[in-house]
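Spelled out, the chains give:
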Number of protein chains: 2
Amino acid sequence: MIVFLNGKLVPEEQAVVSVFDRGFLYGDGLFETMRVVSGKPFRWSQHLERLERGAEFLKIPLPVPPPALRDFAAQLISKNRMPDALLRLTLSRGVAPRGYSPRGARQPTVVMSLNPAQAISPGTEPRWRLVTSSFLLPANEPLAQFKTCNKLPQILARAEADDAKADEALLLNTDGQVAEGASSNLFWIKDGAVCTPPLASGILPGVTRAVVLEISRDWGLTVRESGITRTELYETDGIFLSLSSVGIAEGASLDGRALSSSPLTARIGKAYARRLESSAE
Amino acid sequence: MIVFLNGKLVPEEQAVVSVFDRGFLYGDGLFETMRVVSGKPFRWSQHLERLERGAEFLKIPLPVPPPALRDFAAQLISKNRMPDALLRLTLSRGVAPRGYSPRGARQPTVVMSLNPAQAISPGTEPRWRLVTSSFLLPANEPLAQFKTCNKLPQILARAEADDAKADEALLLNTDGQVAEGASSNLFWIKDGAVCTPPLASGILPGVTRAVVLEISRDWGLTVRESGITRTELYETDGIFLSLSSVGIAEGASLDGRALSSSPLTARIGKAYARRLESSAE
């Protein structure tokens, strides 16, 4: 496996960072995970825009301009012969003098690596078993809008899902609303409308979430961004999750209790798969 | 500089971790920072206890038993000829298959490194200018009780202090109470009592905080763990911060407005310095 590290393509065993890199010390960084289809990263621009917004917020200058990063991504995909993959892009603040202050950090670290991807979901794979996590996300947390390298709540929620033999965990926010999955955005169908929590509820503005909203609006469906409680999820016509690595995954049950299934979910899943495939043309 | 990495003492330039280490990917780890005095880490046992409690919570097994770690710490201090220093100990989950799930992580990473220490504070150095951060800490957050490698709120608070040319930032919690400093615990003096926010307010149980409480109780002072608002801090007889790297630092002002100074703060600062010094005997 070849990895992109600070302007170079290096073998995996040379893809290392200093133990003084603030990414390792404090999670002081950001990342993106995107689907690569037929050699092309799907929605590259949207992922890079989110990364750049986060980098501006954290004041970590991107050391390689996005067009050059895209060229390196193409080389990485080609050298590894992985035209269908997941691409992770990480930006950390690099090494600085001791302490939390970011002062004196001069050379950010940038990494890109690939992982094998699952086949593009045609919207027909097994529905997911979901559990509610015991970890709460702070509502109105400004950092929630960026994909930072501070992921312990999500890791612990995911570990709870593993323990319950579930596929994903849903996290509530401190307002008692269901916010998002550990690694996914939440949607539900109600009376023909496609619904999802608003960005202000403290969720990550997922790129796949945006594609689902785009599809729904293209079809003239009613789109509603509103809060929902855990109990109300049982009264919907069906729920699904969106995530770059998988696409669309329909919920089968939440905490052991069955959820409805809406035919709209499979239709949106198929439309998403078509957009992925046609992006490769 | 020599660094301890996974059972070996290595030169700094070889002190590297994989870009796939979950510490770097997600901040999936814990750390401790302690003062080394005359070759001995001050309150090593308390730091290790906190680390072990966190490791149990995160389910990251400590790959080197604490007595062996302590031997390595002694070697590290001796080889670097730094008997007076700050020791950072980091434990991360290491490399695992892609995704938030910690499943499949087999070999945690453990690192120890040294930094030069400031002289032991005799309680007489310049008082600190403080600012209130715009970042909130979630109240009752279970993760707050551990020193995790998810430190972006603290980093951003500290950057706000830098921008304001202040020495430290105070963070409020989502209940509107002042919780702690970005890298310190908060104390105030009121009518002869030594007061500090309770652990339940979502703060780190600082080792230096515990020493201050120990000193206060040894002296028969009233110790009060209670909440306080930002405005109420101006009505106290003085406030100070406790942190392993510095000891005790008295607040001079908060958001530009002067704070009172209690003679008790300097007395506690001197007592803390004496405990540090006598630990070396």
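Here, every reference points to the structure presented above.
Criteria and thresholds
Residues numbered from 1 in each chain as written. Chains lettered and ligands numbered in written order. Predicted model: local features only at pLDDT ≥ 70, side-chain atom pairs only at ≥ 80, totals over all residues. Heavy atoms only, no water. Helix = DSSP H or I, 4+ residues; strand = E, 2+ residues; numbered from the N terminus. Expected span 1.5 Å × (residues − 1). Buried < 20%, exposed > 50% of the residue type's maximum accessible area, 1.4 Å probe, protein only. Contact = heavy atoms within 4.5 Å. Disulfide = S-S within 2.5 Å. Pairing = 2+ DSSP bridges. Axes fitted to C-alpha atoms, helices over the stretch in contact; angles between N-to-C directions. Parallel < 35°, antiparallel > 145°, perpendicular 65-115°, else oblique. Left-handed = near helix turned anticlockwise from the far one by under 90°. Nonpolar A, V, L, I, M, F, W, Y, C, P; charged D, E, K, R; others polar. Salt bridge = Lys/Arg side-chain N within 4 Å of Asp/Glu carboxyl O.

Chemist: Tell me what's going on with helix H4 (residues 152-163) of chain B, and back it up with residues and numbers.
Modeler: Residues spaced three or four apart along an α-helix face the same direction, because each turn holds 3.6 residues. Given a rise of 1.5 Å per residue, twelve residues ought to cover 16 Å, and the 16 Å separating the end C-alpha atoms of H4 of chain B matches this to within 8%. Of all twelve residues that make up H4 of chain B, ten are buried, and the element is covered over most of its length. Every buried residue of H4 of chain B is accounted for by Leu 152, Pro 153, Gln 154, Ile 155, Leu 156, Ala 157, Arg 158, Ala 159, Ala 161 and Asp 162 of chain B. Buried-residue contacts for H4 of chain B involve helix H1 (22-26), strand E4 (29-37) and helix H2 (44-58) of chain A together with strand E8 (128-137), strand E9 (168-173) and strand E10 (178-181) of chain B. The positive-phi residue at the C-terminal boundary of H4 of chain B is Lys 165 of chain B, with phi of around 55°.

Chemist: Report on the side chain of Arg 50 of chain B, specifying residues and quantitative values.
Modeler: Within the secondary structure, Arg 50 of chain B is located in helix H2 (residues 44-58). Those residues within four positions of Arg 50 of chain B in sequence are excluded, and the remaining contacts are Glu 32, Gln 145, Phe 146, Lys 147, Leu 204, Pro 205, Gly 206 and Val 207 of chain B.

Chemist: Tell me about unusual backbone geometry, and name the residues and values.
Modeler: Even without glycine at this site, Asn 6 of chain A takes up a positive phi of about 50°. Residue position: Asn 6 of chain A is located in the loop between strand E1 (2-5) and strand E2 (8-11). The backbone phi angle of Arg 43 of chain B is positive, close to 55°, even though this residue is not glycine. Along the polypeptide, Arg 43 of chain B turns up in the loop between strand E5 (40-41) and H2.

Chemist: Help me get a handle on the state of the cysteines, residues and values and all.
Modeler: Joining two cysteines, a disulfide is a covalent bond between their sulfur atoms. Going through the model one piece at a time under the given rule, you end up with zero disulfides over all chains. A disulfide-free cysteine, Cys 149 of chain B has its sulfur positioned 12 Å from the sulfur of Cys 149 of chain A, the nearest such atom.

Chemist: Can you break down the sheet that holds E5 of chain B residue by residue, with the values?
Modeler: Pairing between sheet strands relies on hydrogen bonds along the backbone, with the strands arranged either parallel or antiparallel. Residues and elements named next belong to chain B. Taking strand neighbours across the sheet as the criterion, the six strands line up as E2-E1-E7-E6-E4-E5 in an open arrangement whose pairing is antiparallel. Strands with a single pairing partner mark the edges of an open sheet, and in this sheet they are strand E2 (8-11) and E5. Sheet analysis places strand E1 (residues 2-5) next to strand E7 (residues 109-116), joined by two bridges and oriented antiparallel. Opposite Leu 5, over in E7, you have Val 111 as the bridge partner. Sitting on the sheet, H2 touches strand E4 (29-37), E5, strand E6 (85-92) and E7, and the angle it makes with E4 is about 180°.

Chemist: Now, about the packing of H2 of chain B against helix H3 (residues 66-79) of chain B: what can you tell me, with residues and values included?
Modeler: Residue and element names in this part refer to chain B. Viewed as axis vectors pointing N to C, H2 and H3 meet at an angle of 130°, and their least axial separation amounts to 12 Å. One way to sum up the angle between H2 and H3 is to call them oblique. Like other packed secondary-structure pairs, H2 and H3 cross with a definite hand, here right-handed. When H2 is examined against H3, the residues Trp 44, Leu 48 and Glu 52 are found in contact with a partner set consisting of Pro 66, Leu 69, Arg 70 and Ala 73. For the contact of H2 with H3, the residue count by class is five nonpolar, no polar and two charged.

Chemist: Would you mind going over the pattern of salt bridges in detail, with residue names and values included?
Modeler: Counted under the stated rule, the structure contains 26 salt bridges over all chains. Close ionic contact of Lys 59 of chain A with Asp 163 of chain B constitutes a salt bridge, the shortest N to O distance being 3.7 Å. Separated into two different chains, Lys 59 of chain A in the loop between H2 and helix H3 (66-79) and Asp 163 of chain B in helix H4 make up a pair that spans both. One exposure class covers both Lys 59 of chain A and Asp 163 of chain B, and it is exposed. It is possible to trace a salt-bridge network through shared partners that takes in Arg 43, Glu 214, Asp 218 and Arg 275 of chain A.

Read these as geometric descriptors, not functional statements.
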